[in-house]
There are 2 protein chains.
Amino acid sequence: MAELLITEADLDDIAAGAAILGTGGGGDPHIGRLLAGAAVRAGGPARLVPLDTVPDDAVAVVVAMMGAPTVMVEKVPSAEQAALAVRALAAYLGRTPTHLVCAEAGGVNALVPLVAAAELGLPVIDADGMGRAFPELQMVVPTLYGIGATPMSIADEKGNSGIFDTVDNHWAERLARSATIDMGCSAMISLLPMSGAQAREALVPGTLSLSAELGRLVREARAAHRDPVAAVTGRLGGVELFTGKVVDVVRRTEGGFARGEATVEGLGDRTGERLLLRFQNEHLVAVRDGEVVATVPDLICVLEAEAGTAITTETLRYGQRVRVIAAPCDPRWHTPEGLELVGPRYFGYDHGTVRLGAGTVA
Amino acid sequence: MAELLITEADLDDIAAGAAILGTGGGGDPHIGRLLAGAAVRAGGPARLVPLDTVPDDAVAVVVAMMGAPTVMVEKVPSAEQAALAVRALAAYLGRTPTHLVCAEAGGVNALVPLVAAAELGLPVIDADGMGRAFPELQMVVPTLYGIGATPMSIADEKGNSGIFDTVDNHWAERLARSATIDMGCSAMISLLPMSGAQAREALVPGTLSLSAELGRLVREARAAHRDPVAAVTGRLGGVELFTGKVVDVVRRTEGGFARGEATVEGLGDRTGERLLLRFQNEHLVAVRDGEVVATVPDLICVLEAEAGTAITTETLRYGQRVRVIAAPCDPRWHTPEGLELVGPRYFGYDHGTVRLGAGTVA
């Protein structure tokens, strides 16, 4: 596959599809779409290159938003702020990045590299660090390969910037999270400097093209009066867990995260059943009538029942008709090291992992 | 005055004198003394150069401890950690520092540059940024000259480090304070890169030699059975505010600071009177029988009644016999800009400044 040019016409599909992969997190796709649209109009199409074509000696860096999705909606970041973060990291590294990388799939963070690409004149790799969204920055597949998240940079909209160089990726998360809170609960970060060889080994390939495809499937199914949720579930090799109406949402902002639970009351085949969703920026656990039926690291996606549009955890509310699907994550997350980093127990739940098609794992 | 060599024999006097100028803050002189002693034994005498001999093109940087003095006592920093902070800043600046500078007078921070000097092979300027101690890093005379505290570095004992580059010195304080708290409430920082010309204009001259002199005056007065408190008060051009016994101390740790109040019941001439001391790391306000008799930015020093030794705010306790003196600060703190930065109202007290010899100022 060759380099692709991402024009404004592609952005709706990418934002919609990335929001599905974002499993409720990764920010409001409307914000990502607005930012990327402005960037592409100002700077021309962004170049998307397949992961397997990135040369060994490339200098790839992630650029992303860090913070509470609830805040990003009100404090919209800019292309200049994204570019400031990348330039601050480049200055510290003493090397010029050659490629930009998505931290995660999600309505904002899948698009942030496209936003920065125009400003910096750099291509974006068709890949990401997670193959989904996760709430903390050490939760990237490169951590499993011992690749450091730092040196990393952080920048706010006022002109403040910082660099962290830490002993491990958990410390990078901790220091950057505090700085993000000081900066008003949202900041732009650039991190995880990798050679092309490291990127090819450790990133999850195809994230942006998969996002575009998912967005297109939903759009086309809707136009043809077919079922968009079934189209998404089929493409991801997932299962539909539940259909129903949101009857309760409890949320609290704790340590810069949006945590909470939502209860969905069954409709149709599921009448009389209940699904409990537990989230922390992303949907992490699904409990159907008391049984844990899906868990992180597999993807739990909440979609509008008719339209198939992803519902982020911060926009979940009473009365929404939803369908909940589960889909397999990158298999590297199911290794013991992967589960230690992103399994249910890390998030404070007192049960093991449910792996799609494989049942419960201690 | 030429370059002086600071040997281990000089350190007791410097630590004792700097603790007096530290007005209750700046850390435990015992810790500063231990660190500097080890550094001088390992690396040889530290070179102290007068401020007016620093060449225009010097690259002077401050090196200091940041954090709660109560924590420094348990988590003693090392010369390597101080050197790591300076080297991280040097790497970011792309320039090699030629001189080290004290952030403040105080039992620890007056000595930290002497600790780093041996490790780095650099001279220390006989000066500091405050002419006393203050709790926040923007509270340095260079801020009044528009000199940026950043780029600054921060390093912990685990090997984590960071750089901040901020729009003003208040933002540097804010971001570095959060990182310090993450790092366990104490960290080593290097900041305020200055040319020699800037240093000569903006620093407070003579701090280390004055500290050594104060320490010597106390020691000699004690040996000769003269009054060490009177010797200190005379040398600083100050006044004795009170003599008595500490009868109450209330303290709380808030946002990384040790805040509180102490009540001293009068003895001798002061029998029947009471002095209330308000502190936030440093002693900031003295209220005698309801009248505010001294305030920040002038120095309020609490000394052991007989020995003349400085008592830091974290070691203040019931039953201590103390004498409280006030002494004039660097006159630049009494400008409107100075008082905005370090006056009583900045610290949340609802009254203006009392200037020694000049009475109350709105």
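Whatever comes next refers back to the structure up there.
What you are looking at is a predicted structure, and each value in this text was computed from that prediction instead of being measured. (Residues numbered from 1 in each chain as written. Chains lettered and ligands numbered in written order. Predicted model: local features only at pLDDT ≥ 70, side-chain atom pairs only at ≥ 80, totals over all residues. Heavy atoms only, no water.)

Enquirer: Just checking my understanding: could you explain the pattern of salt bridges for this structure?
Expert: A pair can form between side chains of opposite charge whenever their charged atoms are brought close. Residue and element names in this part refer to chain A. Summed over all chains, the structure comprises 36 salt bridges over all chains. For Arg 41, the salt bridge goes to Glu 8, with nearest N and O atoms at 2.6 Å. Here the residue Arg 41 occupies a position in helix H2 (residues 29-43), and Glu 8 occupies one in helix H1 (residues 8-21), the gap between them amounting to 33 residues. Overall, the relative accessible area of 26% leaves Glu 8 in the partly exposed class. A network of salt bridges, in which partner residues are shared, links Glu 8, Asp 12, Arg 33 and Arg 41. (Salt bridge = Lys/Arg side-chain N within 4 Å of Asp/Glu carboxyl O. Helix = DSSP H or I, 4+ residues; strand = E, 2+ residues; numbered from the N terminus. Buried < 20%, exposed > 50% of the residue type's maximum accessible area, 1.4 Å probe, protein only.)

Enquirer: For this particular structure, what's the right way to read the relation of the copies chain A and chain B?
Expert: Note that the two copies of the chain are related through a rotation about an axis and a translation along the same axis. Least-squares fitting of chain A to chain B yields an RMSD of 0.0 Å, with the transformation described by 0.1 Å of translation along the axis and a rotation of 180 degrees. The two molecules are tied by a two-fold rotation axis, judged by turn and shift. Taking C-alpha positions as reference, the residue of chain A nearest the rotation axis is Ile 163 of chain A, located at 2.4 Å. Both copies contact each other with a shared surface, as 100% of the interface residues of chain A are interface residues in chain B too. (Least-squares fit on C-alpha atoms with pLDDT ≥ 70 in both. Contact = heavy atoms within 4.5 Å.)

Enquirer: Teacher, can you tell me more about unusual backbone geometry here?
Expert: Each neighbour pair has its own omega, and for Thr 150 of chain A with Pro 151 of chain A the value is 0 degrees, a cis peptide bond. Inspection of the secondary structure assignment puts Pro 151 of chain A in the loop between helix H6 (141-144) and strand S6 (152-155). One non-glycine residue, Cys 185 of chain A, lies in the positive phi region at around 70 degrees. Among the secondary structure elements, Cys 185 of chain A is positioned in the loop between helix H7 (169-182) and strand S8 (186-195). Positioned with a positive phi, His 225 of chain B is a non-glycine residue whose angle comes to about 55 degrees. Along the chain, His 225 of chain B turns up in the loop between helix H9 (207-223) and helix H10 (228-236). With relative accessibility at 75%, the residue His 225 of chain B sits in the exposed group.

Enquirer: Can you walk me through the interface of chain A and chain B in this structure?
Expert: Frequently, the measure chosen for interface size is the accessible area removed from exposure when the parts meet. Counting residues at the interface gives 18 residues for chain A and 18 residues for chain B. With both chains or domains summed, chain A and chain B bury close to 1,700 Å², and 54% of this area falls on carbon and sulfur atoms. Looking only at chain A, the three residues that lose the most surface to chain B are Asn 160, Trp 171 and Asp 182 of chain A, adding up to 30% of its buried area. Taken together, chain A and chain B are joined by two salt bridges. Across the pair Asp 182 of chain B and Arg 174 of chain A runs a salt bridge whose closest N-O atoms are separated by 3.9 Å. Along the contact surface separating chain A from chain B lie nine residue pairs in polar contact (both at pLDDT 80 or more). When residues of the side of chain A that touches chain B are traced back to their parent elements, those giving at least two are strand S7 (161-165) and H7 of chain A. When residues in the side of chain A that touches chain B are grouped by element, the largest group, six residues, is from H7 of chain A. Here the residues of the side of chain A that touches chain B are counted per class, giving eight nonpolar, six polar and four charged. Pairing geometry for S7 of chain A and strand S7 (residues 161-165) of chain B, over five bridges, is antiparallel. When the bridges of S7 of chain B are listed, Gly 162 of chain A appears paired with Phe 164 of chain B. (Buried area = accessible area lost by both parts, 1.4 Å probe. Polar contact = N/O pair within 3.5 Å; in protein donor to acceptor, adjacent residues only side chain to side chain. Nonpolar A, V, L, I, M, F, W, Y, C, P; charged D, E, K, R; others polar. Pairing = 2+ DSSP bridges.)

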